[in-house]
Amino acid sequence: MLGLLVCWAPGSGAEYADVVLNKRSDKEGVRPVIYPHWFHRIRFQCRVCHGELGFVMRVGATDVTMDEISQGRFCGACHNGEIAWSVENCDLCHSGKPGLPTGIKGGHQTTGPGLW
Amino acid sequence: MRKRTTPYFECALLTLALGWSAVVMAQNWRKLESDGLHDPGSEAVKVLQDPAEAMSQLPPDTAGNKVDWIRALQGGYIKPRSALRGEKEYEVLDGDVLMNIGGSTPAVLFPHKPHTQWLDCKNCHEGLFQSKAGATPITMEKILQGEYCGVCHGAVAFPLTECNRCHSVRQMDAIKRVRGTP
């Protein structure tokens, strides 16, 4: 029974494909941004963000700044109070633990379960 | 003739099964507040959706997000939009490409259909792959380093631990398919 419990102990770590964006956030005194792929792919196909909106498929490669978001680019193309709630909700995007490095969870850039 | 023990036995089995599925459900997705990423002190963890709430409603899988995203899409469980506003026309290509024929592992079958239901041709062509079977120098080592198929698989699409989902065709059958003999 103990063996079974050990087997079923919840795996540590974040949801597969969660992205941390923290090129400037820590430095500028806000929490890092956590972007959940699972939540968004229920609502949008990959082609919307990785085509129409110009997000590169390499975490950290797209130069996303808060100014551009406020002007309606990148996350701001949707988080504008029209397609999704607006940029005023700082905490909902800036929700990460301070100090997290930019990267993707479960991906080849991390030591997550999907290192392979 | 009735056996009196049967109902108890079944009841015990059912309890076990229910208990087990509850454990499995709880294990599949972490709560945001304890996922190691979200700051438990942030207002957000009270507002944001926990992965289990949404994904336990979708066709299950054993790896990655523990959701079979292809069945979720093709079965109409989810209807992700194809454009920012409204829907845009996109091409779904129903063509398979066989790779690694004659290799030591089962051959790789790349199916265009499920990919083009999520992605545009230009997400892959000509940057990642050439539009000609066999023209791209793909190797498993490069994939494990996050190139070629590994750009998505191991990051967002199902992880690279699932060898047999790509290496899915017996070499014998692959050779027959390529030669066109039945």
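Up top is the structure.
Presented here is a report on the structure given in the accompanying data block. Computed from a prediction, not measured in an experiment: that's the story for all the values here. (Residues numbered from 1 in each chain as written. Chains lettered and ligands numbered in written order. Predicted model: local features only at pLDDT ≥ 70, side-chain atom pairs only at ≥ 80, totals over all residues. Heavy atoms only, no water.)

### Some details on the overall build of chain B
The condition that has to hold: Helix and strand labels come from DSSP, where a helix needs a run of H or I of at least four residues and a strand needs a run of E of at least two; each type is numbered from the N terminus. For each residue, the accessible area found with a 1.4 Å probe, counting protein chains only, is set against the maximum for its type, and the residue is called buried under 20%, exposed over 50%, and partly exposed in between. Every residue pair with non-hydrogen atoms within 4.5 Å of one another is taken to be in contact. Where accessible areas are quoted, they stem from the Shrake-Rupley method and a 1.4 Å probe; at the residue level, only the protein chains shown are allowed to cover.
Along the backbone of chain B there are nine helices and three strands. In sequence order, the secondary structure elements of chain B are arranged as α-α-α-α-β-β-α-α-α-α-β-α. Within the span of chain B, comprising 182 residues, buried residues form 34% of the whole. Summarising the internal contacts of chain B: among those between residues at least 6 apart in sequence, 42% fall at separations of at least 24. Working note: accessible area of chain B is about 11500 Å², and carbon and sulfur atoms make up 59% of it.

### Brief notes about the environment of Cys93 of chain A
Residues and elements named next belong to chain A. Here Cys93 lies in helix H5 (residues 90–93). Residue classification places Cys93 among the partly exposed positions, given a relative accessible area of 24%. Every residue in contact with Cys93, bar those within four places of it in the chain, is listed here: Pro32, Val33, Ile34 and Trp85.

### So, the packing of aromatic side chains
The geometry of an aromatic ring pair comes down to the distance between the two centres and the angle between the two planes. Which entries qualify depends on this criterion: Pairing of aromatic rings covers Phe, Tyr and Trp, the last counted by its six-membered ring, and requires centre-to-centre distances within 6.5 Å; plane angles under 30 degrees mean stacked, over 60 mean edge-to-face, and any other angle means tilted. Note on criteria: charge over ring means Lys NZ or Arg CZ within 6 Å of the ring centre, with the direction from the centre no more than 35 degrees off the ring normal.
Enumeration over the complete set of coordinates arrives at four aromatic pairs over all chains. Both rings, one in Phe55 of chain A and one in Phe74 of chain A, keep their centres 5.2 Å apart while their planes meet at 50°; by these two values the pair is tilted. A residue pair is termed long-range when its members are at least 10 positions apart, and Phe55 of chain A in the loop between helix H3 (46–52) and helix H4 (66–70) and Phe74 of chain A in the loop between H4 and H5 qualify at 19 residues. Residues Phe129 of chain B and Tyr148 of chain B carry aromatic rings whose centres are separated by 6.2 Å and whose planes lie at 35° to one another, so their mutual orientation is tilted. Within this pair, whereas Phe129 of chain B is found in the loop between helix H6 (121–124) and helix H7 (140–144), its partner Tyr148 of chain B is found in the loop between H7 and helix H8 (163–166), the two being separated by 19 residues in sequence. For the pair Phe129 of chain B and Tyr148 of chain B, a shared accessibility class is recorded, and that class is buried. Taking NZ or CZ as reference, Arg47 of chain A lies 3.7 Å from the ring centre of Tyr90 of chain B, over its face.

### Focus: the sheet that holds strand E1 (residues 96–99) of chain B
All names here are of chain B. The following threshold applies: Pairing between strands is defined by DSSP: at least two bridges between the two strands are required. As a rule, the C-alpha atoms of each element are fitted with a line to give its axis, helices using only the stretch in contact, and angles between N-to-C directions run from 0 to 180 degrees.
Spatial ordering of the open sheet is given by E1-E2-E3, a layout of three strands whose pairing is antiparallel. Looking at strand neighbours, the two that pair on one side only are E1 and strand E3 (167–169), the edges of this open sheet. On average, each strand axis in the sheet is tilted by 55° relative to the strand beside it, whichever way the strands run. Bridging between strand E2 (residues 107–111) and E3 involves two bridges; their strand directions are antiparallel. For Val108, the partnering residue across the bridge sits in E3 and is His167.

### Some details on the sheet that holds strand E3 (residues 103–104) of chain A
Residues and elements named next belong to chain A. Spatial ordering of the open sheet is given by E2-E1-E3, a layout of three strands whose pairing is antiparallel. Only two strands of the sheet have a single partner each, and these edge strands are strand E2 (33–36) and E3. Here strand E1 (residues 18–21) runs beside E2; their pairing, made up of four bridges, is antiparallel. When the sheet's bridge partners are listed, Asp18 is paired in E2 with Pro36.

### Concerning the interface of chain B and chain A
For the record, the criterion: A 1.4 Å probe defines the accessible area here, and the buried area is the portion of it lost by two parts on being joined, summed over both. Salt bridge, as applied in this entry: a Lys or Arg side-chain nitrogen positioned within 4 Å of an Asp or Glu carboxyl oxygen. We call two N or O atoms a polar contact when they sit within 3.5 Å, provided that within protein one can donate a hydrogen and the other can accept it, with sequence-adjacent residues counted only if both atoms are side-chain atoms. We call Asp, Glu, Lys and Arg charged. Ala, Val, Leu, Ile, Met, Phe, Trp, Tyr, Cys and Pro are nonpolar, and the rest, Gly among them, are polar.
Each partner contributes residues to the interface: chain B has 57 residues there, and chain A has 52 residues. Roughly 4700 Å² is buried in total at the junction of chain B and chain A, and carbon and sulfur atoms are behind 59% of that figure. On the chain B side of the interface with chain A, the three residues burying the most area are Leu37, Leu84 and Trp118 of chain B, jointly 16% of the side's total. Applying the counting criterion to the chain B and chain A interface returns three salt bridges. We note a salt bridge from Arg47 of chain A to Asp120 of chain B, for which the minimum N-O separation is 2.7 Å. For the pair chain B and chain A, the number of links is 23 residue pairs in polar contact (both at pLDDT 80 or more). Elements represented by at least two residues in the side of chain B that touches chain A include exactly helix H1 (5–28), helix H2 (44–47), helix H3 (51–55) and H6 of chain B. Of the residues that constitute the side of chain B that touches chain A, the class distribution is 29 nonpolar, 17 polar and eleven charged.

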